[in-house]
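Tertiary structure, described
Next come the chains, spelled out residue by residue.
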Amino acid sequence: MPEERPFFVIGRWSGPDLTVWKIHEAPEDPEELNAACEEIRWDARDADGGVEIVYAASGEEAEATARREAAETAEQIRQDLKRQREQHSSTSRRPRRKVRHHYT
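Sheet topology places strand β1 (residues 5-14) next to strand β3 (residues 50-56); 7 bridges connect them, and they run antiparallel. Its bridge partner being in β3, glycine 11 is matched across the sheet by glycine 50. Across 8 bridges, the pairing between β1 and strand β2 (residues 17-25) is antiparallel. The residue of β2 that forms the bridge with serine 14 is aspartate 17.

For the rest of this paragraph, the subject is the packing of aromatic side chains. Counting across every chain of the model gives 0 aromatic pairs. Over the aromatic face of tryptophan 42 sits the side chain of arginine 45, whose NZ or CZ is 4.7 Å from the ring centroid.

Each value, and the rule that gives it
- Residues numbered from 1 in each chain as written.
- Predicted model: local features only at pLDDT ≥ 70, side-chain atom pairs only at ≥ 80, totals over all residues.
- Heavy atoms only, no water.
- Pairing = 2+ DSSP bridges.
- Helix = DSSP H or I, 4+ residues; strand = E, 2+ residues; numbered from the N terminus.
- Phe/Tyr/Trp six-rings, centres within 6.5 Å; stacked < 30°, edge-to-face > 60°.
- Lys NZ or Arg CZ within 6 Å of the ring centre and 35° of its normal.

Rendered as structure tokens:
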């Protein structure tokens, strides 16, 4: 099994959808990786996109991993929002306590 290495996945994320513009191998040295990622991130932002670092054995595997992670993240956000709405609606249905006002 080939060893995993870092790849830059560059594109546009929209919920579970990912439009990949480019994938290329990233430097393995942490300092070089951070510097290169920051530079690519600025370029991607100019085009309303982003960059993710994905560890994989190949560019194709990096793209598949990025797509799977985008779908998983979108599903988790959807579930969290649903849970928040349910909690909000259940608390808003409680009978309100009457508060007496005392004026002096």
